[in-house]
Structure formats: C-alpha cells, structure tokens
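Below, each chain spelled out in residue letters.
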Amino acid sequence: MKIYDWLNQRVDLDSITKFAKKKQVPVFYGTVWYYLGGVSLFLFIIQVFTGILLILYYQPGSTTAFESVKFIVSQVNFGWLVREIHSWSANLFILFIFLHMFTVYFAKAYRKPREVTWYTGFILLLVAMFFGFSGYLLPWNELAFFATKVGSDIAGAIPFVGDFLLKLLRSGDDVTGATLTRFYGIHVAVLPAVFTIILGIHLILVQVQGMSVPPSQESLPPEKRKYMPFFPNFALRDLLVWLIVLNVIALLAVFFPWEIGQKADPLLPAPAGIRPEWYFMFMFQTLKLIPAHIWFIEGELFGIMMFTLGGLIWFFVPFFDKKAGLGIKSPFWKWVGVIIILYIIGMTIWGYAV
Amino acid sequence: MKRLILLLCITGTPVTWNFAAPTDDINGCISCHQKNDEDRDDDEKIMTHFYEDVHYLKGLTCSDCHGGNPEEFDDEDVAMWDVENFVGAVEKKEQPEFCGKCHSNPEFMRLYSAHLKTDQVSQYWTSHHGEKLKEGDTQVAACTDCHGVHGIYPVKDPRSKVYPTNVPTTCKHCHSNEEVMANSGLPTDQFDKYTVSVHGQALLERYDIAAPACNGCHGNHGAMPPTIFSISDICGTCHANNAELFKGSHLKRVFIEQKINQCEGCHNYHDIAKPTDESLNWAVNKTCIYCHEEDEEKAKILATALFNIIDSLKQKIEIANEMVDLAENKGMEVEDLFFHLEDAHKNLIQTRTSIHSFDDKYVRKTSEDGYKAAEAAIIGAEQALHEFGFRKKGLLVFSLILTFFGIVLYLKIKSME
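All of these numbers come straight from a predicted model, not from anything done at the bench.

### Description of the nonpolar core
All names here are of chain A.
Then, number 1: Counting 99 residues, the largest nonpolar core has Leu43, Tyr58, Phe98, Met101, Trp140, Phe195 and Ile249 as the members making the most contacts within it.
Then, number 2: Discounting chain neighbours no more than four positions away, the residues touching Trp140 are Ser62, Ala65, Phe66, Phe145, Val175, Thr176, Gly177, Leu180, Lys263 and Ala264.
Then, number 3: Judged by nonpolar contacts, the second largest core, of 9 residues, contains Phe28, Tyr34, Met211 and Phe234.

Put into structure tokens, the structure is as follows:
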C-alpha cells in the first residue's frame, strides 16, 4: 500500500480506480460481444511481446531471413513456440477485429456520438491487415515471396499513384532483398507506432463515451436496463476469456504449426497454389473472376475501384445511415452487412476450393 | 585495294562467301520439279520439305549438289542432260562419295560450323552398312536412308530422322523388315525389344535424350555390333563405375574364357530390363543360375551376401524415411534430416553399383556410409519426436495452470454476483 500511496500522491491513481469502478457495462443478450474488442487488444499485446522476442534473432535480408527463421524454430530455446504463437495470434487478431467490427456494425454502435470510434476502428483493421501483409513476407519463403509479388502488383494497378505505390512498397521495381528490409521496417516500427496511436484514441473514446447498446436496448425504460461494474466484474470476465484464448493459441501452436516452406528463389517460376493470407482471399478471388475488361476499364482496375468504393462506403456508413442516429430502424444497412458477410465467406471458401 | 584493306580494318570482317538463304527462290529446277510434283503421290514428291532442308536454309540449292543449269526454265536438255556436270538422281552406291564431296571436306564444312565432323564417309566404309554396300548390296542403309533426301534437318532438330527420339524408328524401318533383313542373318525384333527396355522407355516414353538410342551403343556412321571385348567399354561410356568395377573383378576373366558377352551376360541386350535387387535373391534368382548351378555353394553364398547387404540397407533407409515422415507430419522442423536421407539414398545407388565388383567385403564397406546416414536421420527423427512429446507435456501443464486460474476466476466472479 505504501507503493500505491506513493504513486497516488504523484499520479492520482484514485481517479483512475474511481473511474473504473464507476464505469458500467450494459447487461443484455449482446453483452458477450463486448469481449471481442478486449480479445483483439489482448492478441495485439501478445503480438508485441512475441514480436520483440523474434526481433532478437530475426535477421532481415534475402540471404539471412529464411535461415534466421529456421534457426529460431530449430535452435533457439522455445523459439518455435514464440514463432507459432506470433503466427497464430496474428491470424486470430485479424479474425477478432473482423468479428468485433461486424458486431459493432449490427449493433449500430457507429451512430452518433461514436462515429470517430468507428472510423478509428476501421483504420485499425486496415493497419492490422497491412501488418499481416508485411509480416507474411518476412520468412522469405517461396509462397510469401510470390504472394507479395502478386499483392504489390495489385497495388501497382491503382491509377495515377499505382507506380509510385509499387515502388514505395517494393523499394524498387521488383520484390528483392530491399523489399524485405523495407517490409521489416514497416512491420516492426512504422505500423506498431501508427497502430498504438490510433488504438489509444480508440480506447480513450470507448472509455469516455462508454459502451454502446443497440437501439432496441436504448429504447427500454431506465429501470429495465441492467448493468454490471466494469471493475472488477467485467474486467475479471475479460481476463477469463483471455485465458481461454491463450489456451487455444497454445493448442494450435503445438498441434497445427505453420510450415516454413522452401526458401524464396526469385529466379524460379511461381509455384502452383500461390494464394494470399485468408483475410485477403475474398478480394483475390474476386479479382481472379473479373473478366479482362469491363467496358473500357481493365478488369483488375475495375475490381480495385469497386473495393475502394466499397471500403469508403463502409468507412462512412455513420454518415450514410442517418436513421440509426435518430433511433429509427434502418434495415437496409443491416442487409448490406449481411450480404457483405456472406460475400466475404463465400468468396473465401471459393478461393480455397479452387 | 587500300579502300578494301581500310574496310576490313574498320569492320574486322574477312571477306567470306555469302551463305544467306537465297532471296530469289525460283530457279529453273524448282520451277519444273514443283510442277512435276503435282502429278506424283505424296511419298514421291521431292519438293515437299525442300524449303525446310538445312542445305537450302544454308544457301545451297539444287545445282550445288546435282549440277545442271538452273537458269534454264523451258528446255529440259539445256537445263539438265546437255550440261556436263549434271548428276541427276544419285544411285545408292554413289551416295557416300556424293555427299562426301562436301561433308568430307574440312575446309568447306568449317565455313558452316567449326564443330561439324568430316569423317562420316570414312567411318561409313568401316561399318557393316558400308562393307555390304561396297560388296554391291544396295539394301543396306546409305546416307539418305537415315537422313532423308530433300528434307534433311539438322541432327538437333526434333523433326530430323536422326534426332535421338526418332533414331529407333529410323533404324526399325529396315531392321524390323523381314524382307529387307532376310539375307543378313540378323533378327528383326530389336525394335520391339528396345521399346520395352529401360533405355527405350526412358527415351521413347519420357523423352529423356540422355538415354541411348541404337546409335548410342552401335555408333553412327561406323555402326557395328559390339564384340565380347568391347561391350563393357560401350556400356561403360555411360555406366562408367559399373564397367570399371567389373573390369577389376574376378569374373571378367571368366566371362572372356567362357565367351560370355560381359554386361550382356546378365543384363541382356536390346531388351535390357531395369535391374532389381531381386536379381541377387538366390531363392527366386534367374540371372546367376544362367551360368551357375543352382546348388553351387560358393556363388550362392556370394549372391546371398550381396543381396543381404543391399536389403538391410534398404530396410534401414525405409525405417529412417518412416521416422522422418512421422516427425514431419507432427509439424516438427526436420528439413536437415532430408539431407541425411538423400545421402543414404545416394549410397544405396553406390552400393548397388558396387556389386559389379563381385566382392562382398567391398560392397559391405561401400554400404557403411549409407547406414551411417540413415542412422543419423533416425536419431534426428527420434529427437524431433521426443521434442514433440515434450511440447505436448508442456502444453498439458500450461493448460492445466490456465484452467486452474480460469476456475479460480470463475468462482471469484460467481462469489461477487
């Protein structure tokens, strides 16, 4: 307690504990969805810790990256465990962000006054996907090399800025050791900094504005609404879910390890079965299905434009869905969300099936 | 002259003949023979592949081989019969010297390629074909029988009749024809045997042009059947280690004394099958008892010893393969172990080769490295499996700790509410 008192006199810990105790979490059928954001945060923390451990041994560079990853998994004590946890939690991290985003969407939590929270959340998803894209190349194996080549080619097809983006990503015209070094820098320095700042804003907004409830709950009379204190009740439940997630990751790491594959050789032809990470698969499959030309527009460019437009509409949905802000039902946007989920799931399954 | 020297100095190019394909295709010969072809059956047409012929593409035309006056379009006599150097259709017995006018001339052939050989004709006269032709037998093969007539392609062109994958069919044309071969005393089943042989399957089914066709063993222009003394050298061109080991073995002398063709004695010829380890298995053996008596103790002991060495090495490698597969399927990093397996497999091939020494001590010594490599793979796989077991135990302990904390947390939450 002496330490607490010492700190309290200097950083006013009482106000924080007072805030945590005062903070209420709504209790209703959808309370379980509140854990998804917390799990995403937990997975990000795991990523940071395991990532730091990997940095200690990983050596970027076309002649060292693959070898250093092999060294980590075969020679470093528990190196395999750290890499497996990093890889698995990276995938679960993006999965949980997706789940969190869709539950927030269907609960209309983006409505006034939480538009900025939605915007920052969507940006966090994009940054997380870029985390995945940049991290995928780092083992410098065959699949990652060609997937990065295809992925950056797609970025290069964007009109006006495509060429600039391609060179910015690849650090030249082709995917080389320079690309690997650049991706490494982006993955371990740029993205964590950007993510942490936006995550900070996102969390502050959640704390300041409190948990959102769906309009159906909001319309209930105050006496019918139920709450539980955030601290310690909800925080302990959060912790329990985190323990379960950690257990699942450990299980996956031991029984479903990620292959290192073959070292990338830029001189060899692309092997069969080149595919991006699962969270890019719906876009990849769509681009594969689009014909070479639609009217006068190149098929790939048309696809990119459609995804860009779709992403912008999704981003600005608080602006378009005015009814939700006024407490009026907006079934149109609910069905848009359902169709998008079905589309993503359908295209992803199709992408893996062919 | 000064200008010419200056030009040579500037370009560095010596004055040479012009070998570019002729731009003016039509001459008197072509003009008439194209018309004649219209009334001929397909197999008698002479102009069908003329424009693809290597000679034509190198700038030669009809009169360069046949003489005559290509500038004459109307009068047959002026174009051909009245011209002193006109040769016309070449009789088979004249063919070698006819083609040899250029092909035996090193100075001339060097103008087309520095690597073209010029000993084809002299080799040909030493061949069975050449000897028979000299005797007046015009059924034997001469130049055009193998290379074609007016549609001759370079040897490296897959359309060529003497491209490796086409050689067996080209030779078959005569050698499988009972009528043609009637007086030769040779069998006509070589092609059928070759197609089922290990060489034939490699060449004709897998298009592996490293596998020998007929000319691989018999030679090209100087084609002759190998003799007892030369056969191990011929097979040894490719199977060098086998040949060397056999030459150093005690069986070489026996084979020569018994007049058994060396490699052929065990492996046959034309229908050479892919050798199996079972050939050494005395119980089912059909190879050794061709010469040895079935109850001949010494040979039986040696064959059984060789068979056992190879068989036990194979079993060891199989165990190593299974162990490494098992570790890999459990997701363990075992890539380094594949190097050991590869070494073991290479050694198995060396051990199989070493049996041509017919010395069990030498074979056993050769196989030792294979055992060591397979053993290293097994030890590595065992370590990987042990590591996997450790991970599973670690996971169990970790899960139990987490579950314990989870239960404590759950109880705490319940007690609060």
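### Description of the interface of chain A and chain B
When the parts come together, some accessible area is lost, and that loss is often what is quoted as the size of the interface.
Then, number 1: Listed per partner, the contact involves 22 residues of chain A and 23 residues of chain B.
Then, number 2: A combined buried area of about 1,900 Å² lies between chain A and chain B, and 71% of that area is made up of carbon and sulfur atoms.
Then, number 3: Put simply, chain A and chain B have 2 salt bridges between them.
Then, number 4: A salt bridge links Lys70 of chain A to Asp336 of chain B, with the nearest nitrogen and oxygen atoms 3.8 Å apart.
Then, number 5: Linking chain A with chain B are 2 residue pairs in polar contact (both at pLDDT 80 or more).
Then, number 6: Mapped by element, the contributors of at least two residues to the side of chain A that touches chain B are helix H4 (65-74) and helix H11 (230-255) of chain A.
Then, number 7: With 13 residues, H11 of chain A is the single largest residue contributor to the side of chain A that touches chain B.

### Some words on the confidence of the model for chain B
Residue and element names in this part refer to chain B.
Then, number 1: When pLDDT is averaged across chain B, the result is 88; 93% of the residues are at 70 or more.
Then, number 2: Low pLDDT, under 50, characterises residues 1-24; the stretch is placed with 17 contacts to residues that sit more than four places away or in other chains.
Then, number 3: Two summary scores accompany this predicted model of the complex, namely pTM at 0.68 and ipTM at 0.78.

### A word on unusual backbone geometry
Residue and element names in this part refer to chain A.
Then, number 1: Here the residue pair Lys112 and Pro113 is connected by a cis peptide bond, since its omega of 10° sits within 30 degrees of zero.
Then, number 2: Mapping Pro113 onto the fold places it in the loop between helix H5 (79-106) and helix H6 (115-137).
Then, number 3: Of note, the bond from Phe231 into Pro232 is cis; its omega dihedral lies within 30 degrees of zero at 10°.
Then, number 4: Along the chain, Pro232 turns up in helix H11.
Then, number 5: Despite not being glycine, Trp295 has its phi angle at roughly 50°, a positive value.
Then, number 6: The residue Trp295 is located in the loop between strand S3 (293-294) and strand S4 (297-298) in this model.
Then, number 7: Overall, Trp295 belongs to the exposed group, its relative accessible area being 71%.

The rules behind each value
In this numbering scheme, every chain counts its residues from 1 along its sequence in written order. Numbering of ligands from 1 and lettering of chains from A proceed in the order in which they are written. In keeping with the predicted nature of the model, local features appear solely for residues at pLDDT of at least 70, side-chain atom pairs appear and are counted solely at 80 or more, and the whole-chain, interface and lining totals rest on all residues. As a rule here, side-chain values cover all heavy atoms of the structure and leave hydrogens and water aside. Remark: nonpolar core denotes a set of buried residues (Ala, Val, Leu, Ile, Met, Phe, Trp, Tyr, Cys) joined through side-chain atoms within 4.5 Å. Residue burial is assigned from relative accessible area. The probe radius is 1.4 Å, only protein chains are included, and a residue is buried under 20% of its type maximum, exposed over 50%, and partly exposed in between. Whether two residues touch is decided by their heavy atoms; if any such pair falls within 4.5 Å, the residues are in contact. Throughout, buried area stands for the accessible area (probe radius 1.4 Å) lost by two parts on being put together, summed over both. Salt bridges are counted wherever a side-chain nitrogen of Lys or Arg sits within 4 Å of a carboxyl oxygen of Asp or Glu. Between N or O atoms, a polar contact is any pair within 3.5 Å; within protein, one atom must be a potential hydrogen donor and the other a potential acceptor, and residues adjacent in sequence are included only when both atoms are from side chains. Secondary structure is summarised from DSSP: a helix means a run of H or I of at least four residues, a strand means a run of E of at least two, and numbering begins at the N terminus for each. Each residue carries a pLDDT score, the predictor's own confidence in it, on a scale running from 0 to 100.

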